[in-house]
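Fold and contact review
Each chain, letter by letter, is given below.
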Amino acid sequence: MLRIAIQSKGRLFEETMELLQEAGIKLNNKKRTLLVPVKGFDVEILFLRDDDIPQAVATGVADVGIVGENEFVEKKEGSLITKRLGFSKCRLSLAIPKDIDYIDVNWFHNKTIATSYPHILKKFLADNSIESEIHVISGSVEIAPSIGLADAIFDIVSSGSTLVSNRLKEVAVVMQSEALLIANNDLSQDKKQILDELIFRIESVQFAEGKKYILLNAPNEKVEDIISLLPGMKSPTVMPLAESGWSSIHSVISEKQFWDIIGKLKALGAEGILVIPIEKMIL
(Lines give C-alpha, C1' and ligand atoms only; values in the text may rest on other atoms or scores of the structure.)
Protein backbone atom coordinates (compact mmCIF):
# COMPACT_ATOMS: atom_id res chain seq x y z
CA MET A 1 0.00 0.00 0.00
CA LEU A 2 1.29 3.45 -0.96
CA ARG A 3 1.16 5.99 1.88
CA ILE A 4 0.50 9.57 0.77
CA ALA A 5 1.25 12.44 3.16
CA ILE A 6 -0.88 15.53 2.69
CA GLN A 7 -1.39 18.76 4.60
CA SER A 8 -3.97 18.43 7.37
CA LYS A 9 -5.67 21.81 6.82
CA GLY A 10 -5.58 25.01 4.80
CA ARG A 11 -5.88 25.89 1.13
CA LEU A 12 -3.42 23.22 -0.01
CA PHE A 13 -5.41 20.59 1.90
CA GLU A 14 -8.65 21.61 0.21
CA GLU A 15 -7.20 21.67 -3.30
CA THR A 16 -5.36 18.39 -2.74
CA MET A 17 -8.49 16.62 -1.53
CA GLU A 18 -10.46 17.92 -4.51
CA LEU A 19 -7.81 16.58 -6.90
CA LEU A 20 -7.62 13.17 -5.18
CA GLN A 21 -11.39 12.79 -5.19
CA GLU A 22 -11.52 13.64 -8.91
CA ALA A 23 -8.84 10.95 -9.38
CA GLY A 24 -11.07 8.36 -7.71
CA ILE A 25 -9.32 8.39 -4.33
CA LYS A 26 -12.09 8.48 -1.75
CA LEU A 27 -11.58 8.12 1.98
CA ASN A 28 -13.16 5.16 3.80
CA ASN A 29 -14.35 6.93 6.94
CA LYS A 30 -16.05 10.28 7.20
CA LYS A 31 -14.36 11.09 10.51
CA ARG A 32 -10.80 11.98 9.60
CA THR A 33 -8.01 10.43 11.66
CA LEU A 34 -4.24 10.68 11.28
CA LEU A 35 -4.06 7.71 8.89
CA VAL A 36 -7.00 6.93 6.62
CA PRO A 37 -7.39 4.06 4.09
CA VAL A 38 -8.84 4.62 0.62
CA LYS A 39 -11.62 2.71 -1.13
CA GLY A 40 -10.72 0.77 -4.26
CA PHE A 41 -7.08 1.84 -4.55
CA ASP A 42 -3.97 0.59 -2.74
CA VAL A 43 -3.19 3.86 -0.98
CA GLU A 44 -3.68 5.38 2.45
CA ILE A 45 -3.64 9.04 3.43
CA LEU A 46 -1.44 10.37 6.23
CA PHE A 47 -2.42 13.84 7.47
CA LEU A 48 0.50 15.98 8.66
CA ARG A 49 1.57 19.57 9.16
CA ASP A 50 2.86 20.95 5.87
CA ASP A 51 6.39 21.50 7.21
CA ASP A 52 6.59 17.86 8.39
CA ILE A 53 5.82 16.34 4.98
CA PRO A 54 9.29 16.66 3.34
CA GLN A 55 10.97 14.85 6.23
CA ALA A 56 8.24 12.22 6.45
CA VAL A 57 8.72 11.35 2.77
CA ALA A 58 12.53 11.48 2.90
CA THR A 59 12.68 9.12 5.91
CA GLY A 60 10.07 6.69 4.58
CA VAL A 61 7.34 7.46 7.13
CA ALA A 62 5.33 8.27 4.00
CA ASP A 63 6.07 7.00 0.50
CA VAL A 64 4.94 10.12 -1.33
CA GLY A 65 3.62 13.53 -0.36
CA ILE A 66 1.83 16.54 -1.76
CA VAL A 67 3.52 19.65 -0.41
CA GLY A 68 4.15 23.27 -1.26
CA GLU A 69 7.39 23.93 -3.12
CA ASN A 70 8.24 26.53 -0.47
CA GLU A 71 8.34 23.86 2.25
CA PHE A 72 10.18 21.37 0.04
CA VAL A 73 12.95 23.86 -0.76
CA GLU A 74 13.17 25.16 2.81
CA LYS A 75 13.53 21.74 4.44
CA LYS A 76 16.08 20.46 1.90
CA GLU A 77 15.27 16.81 2.60
CA GLY A 78 16.38 14.05 0.25
CA SER A 79 13.35 13.14 -1.83
CA LEU A 80 12.34 13.36 -5.49
CA ILE A 81 9.98 15.74 -7.24
CA THR A 82 7.86 13.40 -9.37
CA LYS A 83 5.32 15.93 -10.65
CA ARG A 84 4.53 19.63 -10.46
CA LEU A 85 0.82 19.85 -9.78
CA GLY A 86 0.13 23.43 -10.85
CA PHE A 87 -2.20 24.47 -8.02
CA SER A 88 -1.83 26.32 -4.69
CA LYS A 89 0.44 28.79 -6.42
CA CYS A 90 2.02 31.52 -4.34
CA ARG A 91 5.34 33.28 -3.95
CA LEU A 92 7.90 33.91 -1.23
CA SER A 93 8.49 37.63 -0.99
CA LEU A 94 10.12 40.32 1.08
CA ALA A 95 7.75 42.97 2.42
CA ILE A 96 8.26 46.18 4.36
CA PRO A 97 5.98 48.82 5.99
CA LYS A 98 4.06 50.60 3.22
CA ASP A 99 5.17 54.13 4.21
CA ILE A 100 8.89 53.38 3.79
CA ASP A 101 10.66 54.52 0.62
CA TYR A 102 12.28 51.56 -1.15
CA ILE A 103 14.76 51.53 -4.04
CA ASP A 104 16.30 48.06 -4.20
CA VAL A 105 17.26 45.02 -2.11
CA ASN A 106 20.20 46.87 -0.57
CA TRP A 107 17.61 48.46 1.73
CA PHE A 108 17.68 45.20 3.73
CA HIS A 109 21.34 45.61 4.65
CA ASN A 110 21.70 45.62 8.47
CA LYS A 111 17.94 45.20 8.89
CA THR A 112 16.10 42.54 10.89
CA ILE A 113 13.81 40.27 8.85
CA ALA A 114 11.18 37.98 10.39
CA THR A 115 10.44 34.73 8.57
CA SER A 116 9.45 31.08 8.79
CA TYR A 117 11.79 30.30 5.87
CA PRO A 118 15.30 31.12 7.13
CA HIS A 119 17.24 28.85 4.75
CA ILE A 120 15.68 30.25 1.57
CA LEU A 121 16.10 33.79 2.89
CA LYS A 122 19.71 33.21 3.96
CA LYS A 123 20.63 32.00 0.46
CA PHE A 124 18.92 34.98 -1.18
CA LEU A 125 20.74 37.45 1.08
CA ALA A 126 24.09 35.73 0.48
CA ASP A 127 23.54 35.74 -3.30
CA ASN A 128 22.94 39.50 -3.12
CA SER A 129 25.79 40.20 -0.64
CA ILE A 130 23.37 41.54 1.96
CA GLU A 131 24.00 41.19 5.68
CA SER A 132 20.79 41.06 7.69
CA GLU A 133 19.63 39.58 10.97
CA ILE A 134 17.11 36.79 10.45
CA HIS A 135 14.49 36.42 13.17
CA VAL A 136 12.82 32.99 12.89
CA ILE A 137 9.20 32.79 13.98
CA SER A 138 6.35 30.42 13.12
CA GLY A 139 2.98 31.87 12.28
CA SER A 140 1.74 35.48 12.16
CA VAL A 141 4.95 36.67 10.52
CA GLU A 142 3.11 39.67 9.08
CA ILE A 143 2.68 41.37 12.48
CA ALA A 144 6.42 41.45 13.25
CA PRO A 145 7.09 45.01 11.95
CA SER A 146 4.07 46.53 13.69
CA ILE A 147 5.11 45.21 17.11
CA GLY A 148 8.76 46.18 16.65
CA LEU A 149 10.05 42.64 16.32
CA ALA A 150 11.55 43.18 12.84
CA ASP A 151 12.06 45.81 10.15
CA ALA A 152 10.65 43.57 7.40
CA ILE A 153 9.22 40.13 6.73
CA PHE A 154 9.87 37.28 4.32
CA ASP A 155 6.76 35.18 3.87
CA ILE A 156 4.27 33.52 1.53
CA VAL A 157 2.15 35.86 -0.59
CA SER A 158 -0.83 34.76 -2.66
CA SER A 159 -3.43 37.51 -3.06
CA GLY A 160 -1.50 40.08 -1.01
CA SER A 161 -4.53 40.92 1.15
CA THR A 162 -2.75 39.93 4.36
CA LEU A 163 0.05 42.37 3.59
CA VAL A 164 -2.42 45.17 2.90
CA SER A 165 -4.32 44.54 6.13
CA ASN A 166 -1.04 44.80 8.05
CA ARG A 167 0.08 47.96 6.22
CA LEU A 168 2.90 46.18 4.40
CA LYS A 169 3.99 46.24 0.76
CA GLU A 170 5.67 43.51 -1.27
CA VAL A 171 9.01 44.74 -2.64
CA ALA A 172 10.93 41.66 -3.85
CA VAL A 173 9.82 38.22 -5.03
CA VAL A 174 12.42 35.61 -4.09
CA MET A 175 10.79 32.43 -5.46
CA GLN A 176 7.57 31.12 -6.97
CA SER A 177 5.88 28.10 -5.40
CA GLU A 178 3.25 25.53 -6.32
CA ALA A 179 2.09 22.14 -5.05
CA LEU A 180 4.52 19.28 -5.72
CA LEU A 181 4.14 15.52 -5.69
CA ILE A 182 7.31 14.22 -4.04
CA ALA A 183 8.45 10.63 -3.49
CA ASN A 184 10.89 8.68 -1.35
CA ASN A 185 14.09 7.69 -3.15
CA ASP A 186 13.78 3.99 -2.29
CA LEU A 187 10.27 2.97 -3.28
CA SER A 188 9.73 -0.72 -3.99
CA GLN A 189 8.74 -1.75 -7.48
CA ASP A 190 5.19 -2.45 -6.32
CA LYS A 191 4.88 1.02 -4.82
CA LYS A 192 6.35 2.60 -7.96
CA GLN A 193 3.60 0.93 -9.98
CA ILE A 194 0.93 2.36 -7.65
CA LEU A 195 2.60 5.79 -7.89
CA ASP A 196 2.57 5.54 -11.70
CA GLU A 197 -1.16 4.79 -11.57
CA LEU A 198 -1.69 7.74 -9.23
CA ILE A 199 0.17 10.08 -11.61
CA PHE A 200 -1.83 8.70 -14.55
CA ARG A 201 -5.09 9.48 -12.75
CA ILE A 202 -3.95 12.96 -11.75
CA GLU A 203 -2.88 13.77 -15.30
CA SER A 204 -6.20 12.51 -16.68
CA VAL A 205 -8.02 14.96 -14.41
CA GLN A 206 -5.66 17.85 -15.14
CA PHE A 207 -5.71 17.37 -18.92
CA ALA A 208 -9.49 17.80 -18.81
CA GLU A 209 -9.35 21.10 -16.91
CA GLY A 210 -10.53 24.01 -19.00
CA LYS A 211 -11.61 21.74 -21.88
CA LYS A 212 -15.02 21.32 -23.52
CA TYR A 213 -16.31 18.58 -25.82
CA ILE A 214 -18.18 20.11 -28.75
CA LEU A 215 -20.57 18.45 -31.20
CA LEU A 216 -22.19 20.21 -34.14
CA ASN A 217 -23.86 19.66 -37.48
CA ALA A 218 -22.54 21.38 -40.59
CA PRO A 219 -23.09 21.41 -44.37
CA ASN A 220 -20.47 19.29 -46.12
CA GLU A 221 -19.13 22.20 -48.15
CA LYS A 222 -18.16 23.94 -44.88
CA VAL A 223 -16.56 20.94 -43.15
CA GLU A 224 -12.97 21.80 -44.11
CA ASP A 225 -13.37 25.41 -42.97
CA ILE A 226 -14.86 24.27 -39.64
CA ILE A 227 -12.13 21.67 -39.10
CA SER A 228 -9.52 24.41 -39.42
CA LEU A 229 -11.08 26.04 -36.33
CA LEU A 230 -11.24 22.84 -34.26
CA PRO A 231 -7.83 21.32 -33.50
CA GLY A 232 -9.16 18.43 -31.37
CA MET A 233 -6.91 16.02 -29.50
CA LYS A 234 -5.48 14.77 -32.81
CA SER A 235 -8.06 15.90 -35.35
CA PRO A 236 -11.84 16.41 -35.22
CA THR A 237 -14.14 13.44 -35.79
CA VAL A 238 -16.39 13.82 -38.84
CA MET A 239 -19.39 11.51 -39.42
CA PRO A 240 -22.09 11.70 -42.12
CA LEU A 241 -25.64 12.46 -41.02
CA ALA A 242 -28.75 10.68 -42.29
CA GLU A 243 -29.67 13.90 -44.07
CA SER A 244 -27.74 14.12 -47.32
CA GLY A 245 -25.12 16.87 -47.56
CA TRP A 246 -24.62 17.23 -43.82
CA SER A 247 -22.04 15.90 -41.35
CA SER A 248 -21.63 15.75 -37.58
CA ILE A 249 -18.32 17.09 -36.25
CA HIS A 250 -16.94 16.26 -32.77
CA SER A 251 -13.93 17.94 -31.19
CA VAL A 252 -12.33 19.34 -28.02
CA ILE A 253 -11.79 23.04 -27.41
CA SER A 254 -10.37 25.02 -24.51
CA GLU A 255 -12.58 27.17 -22.31
CA LYS A 256 -10.51 30.23 -23.24
CA GLN A 257 -11.32 29.78 -26.95
CA PHE A 258 -14.95 28.86 -26.43
CA TRP A 259 -16.93 32.02 -27.27
CA ASP A 260 -14.61 33.16 -30.03
CA ILE A 261 -14.82 29.78 -31.78
CA ILE A 262 -18.60 29.44 -31.31
CA GLY A 263 -19.18 32.74 -33.13
CA LYS A 264 -17.00 31.66 -36.05
CA LEU A 265 -18.70 28.25 -36.26
CA LYS A 266 -22.15 29.85 -36.48
CA ALA A 267 -20.90 32.18 -39.20
CA LEU A 268 -19.83 29.11 -41.20
CA GLY A 269 -23.30 27.56 -40.97
CA ALA A 270 -22.86 25.21 -37.99
CA GLU A 271 -26.12 24.14 -36.35
CA GLY A 272 -27.21 22.10 -33.33
CA ILE A 273 -24.06 23.00 -31.42
CA LEU A 274 -23.75 20.99 -28.20
CA VAL A 275 -21.03 21.72 -25.62
CA ILE A 276 -20.29 19.20 -22.85
CA PRO A 277 -17.90 19.50 -19.85
CA ILE A 278 -15.07 16.94 -19.72
CA GLU A 279 -14.30 15.25 -16.38
CA LYS A 280 -11.34 13.12 -17.45
CA MET A 281 -9.14 13.02 -20.55
CA ILE A 282 -6.90 10.05 -21.42
CA LEU A 283 -4.23 10.93 -23.96
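Our subject in this report is the structure included herewith.

Conventions we followed
Sequence order sets the numbering: in each chain, residues are counted from 1 along the sequence as written. This being a predicted model, a pLDDT of at least 70 is required before a residue's local features are given, and a value of 80 or more before pairs of side-chain atoms are given or counted; all residues contribute to the totals for chains, interfaces and linings. Only hydrogens and water are removed before side-chain values are computed, so all heavy atoms of the structure are retained for them. Think of it this way: any DSSP run of H or I at least four residues long counts as a helix, any run of E at least two long counts as a strand, and we number them from the N terminus. Only protein chains enter the accessibility calculation, which uses a 1.4 Å probe; a residue is then buried when its area is under 20% of its type maximum, exposed when over 50%, and partly exposed in between. In this scheme, strands are said to pair when DSSP sees at least two bridges between them. Axes here refer to lines fitted to C-alpha atoms; in helices the fit is confined to the stretch in contact. Angles between the N-to-C directions go from 0 to 180 degrees. In what follows, residue pairs with any heavy atoms lying within 4.5 Å of each other are defined as contacts. Patch criteria: residues need more than 30% relative accessible area and no salt bridge. Like-charged residues are merged within 9 Å; nonpolar side chains of Val, Leu, Ile, Met, Phe, Trp and Tyr are merged within 5 Å. Surface exposure here means Shrake-Rupley accessible area, sampled with a 1.4 Å probe, where a residue is shielded only by the protein chains that are shown. Criterion for a salt bridge: a side-chain nitrogen of Lys or Arg within 4 Å of a carboxyl oxygen of Asp or Glu. For classification purposes, an angle smaller than 35 degrees is called roughly parallel, one larger than 145 roughly antiparallel, one from 65 to 115 roughly perpendicular, and anything else oblique. Each residue gets one of three labels, nonpolar for Ala, Val, Leu, Ile, Met, Phe, Trp, Tyr, Cys and Pro, charged for Asp, Glu, Lys and Arg, and polar for the others, Gly among them. We define the nonpolar core as a collection of buried residues of types Ala, Val, Leu, Ile, Met, Phe, Trp, Tyr and Cys that are connected through side-chain atoms lying within 4.5 Å of one another.

Further remarks concern unusual backbone geometry. Trans is the common state for peptide bonds, and a negative phi is the common state for residues other than glycine. In this structure, Asn 110 takes a positive phi of about 65° despite not being glycine. Within the secondary structure layout, Asn 110 lies in the loop between β7 (90-97) and β8 (112-115). Given a relative accessible area of 60%, Asn 110 falls into the exposed group. The phi dihedral of Ser 140 falls on the positive side, at around 55°, and the residue is not glycine. Looking at Ser 140, the relative accessible area reads 44%, which means it is partly exposed.

The subject of this paragraph is the sheet that holds strand β13 (residues 211-219). The four strands are arranged β14-β15-β13-β16 in an open sheet whose pairing can be described as antiparallel. On the outer flanks of this sheet lie β14 (237-240) and β16 (271-277), each paired with one strand and no other. Strand-to-strand twist in this sheet, taken as the mean axis angle between neighbours without regard to direction, amounts to 20°. Bridging between β13 and strand β15 (residues 246-254) involves nine bridges; their strand directions are antiparallel.

Let us now look at the sheet that holds strand β5 (residues 64-68). Sheet strands line up and pair through hydrogen bonds in the backbone, either parallel or antiparallel. Pairing within the open sheet is mixed, and its seven strands lie in the order β2-β3-β4-β1-β5-β12-β6. Looking along the sheet, the strands with just one partner apiece sit at the ends: β2 (26-27) and β6 (80-84). Looking at chain direction, strand β1 (residues 2-7) and strand β4 (residues 43-48) are connected through six bridges and run parallel. By the bridge assignment, Leu 2 is partnered in β4 with Val 43. Set on the sheet, helix α6 (residues 189-208) makes contact with β1, β4, β5, β6 and β12 (179-183); between it and β6 the angle comes to about 25°.

Side chains of Ile 143, Ile 147 and Leu 149 sit close together on the surface and give an oily, nonpolar patch of about 240 Å² of accessible area. Positionally, Ile 143 belongs in the loop between β9 (133-136) and β10 (152-157).

This brings us to the packing of helix α1 (residues 11-22) against α6. Look at α1 against α6: their axes get within 9 Å of each other, and the N-to-C directions meet at 100°. Comparing their axes, α6 and α1 come out roughly perpendicular. From α1, Leu 19, Leu 20 and Glu 22 reach across to α6, where they touch Leu 198, Ile 202, Val 205 and Gln 206. Tallied by class, the residues present in the contact of α1 with α6 amount to five nonpolar, one polar and one charged.

Counting 30 residues, the largest nonpolar core has Leu 195 and Leu 198 as its most contacted members. Elements represented by at least two residues in this core include exactly β1, α1, β3 (35-39), β4, β5, β12 and α6. Beyond its immediate chain neighbours, meaning those up to four positions away, Leu 198 contacts Leu 2, Ile 4, Leu 20, Ile 25 and Phe 41. Listed in part, the 17 residues of the second largest apolar core include Leu 94, Leu 121, Ile 130 and Ala 152.

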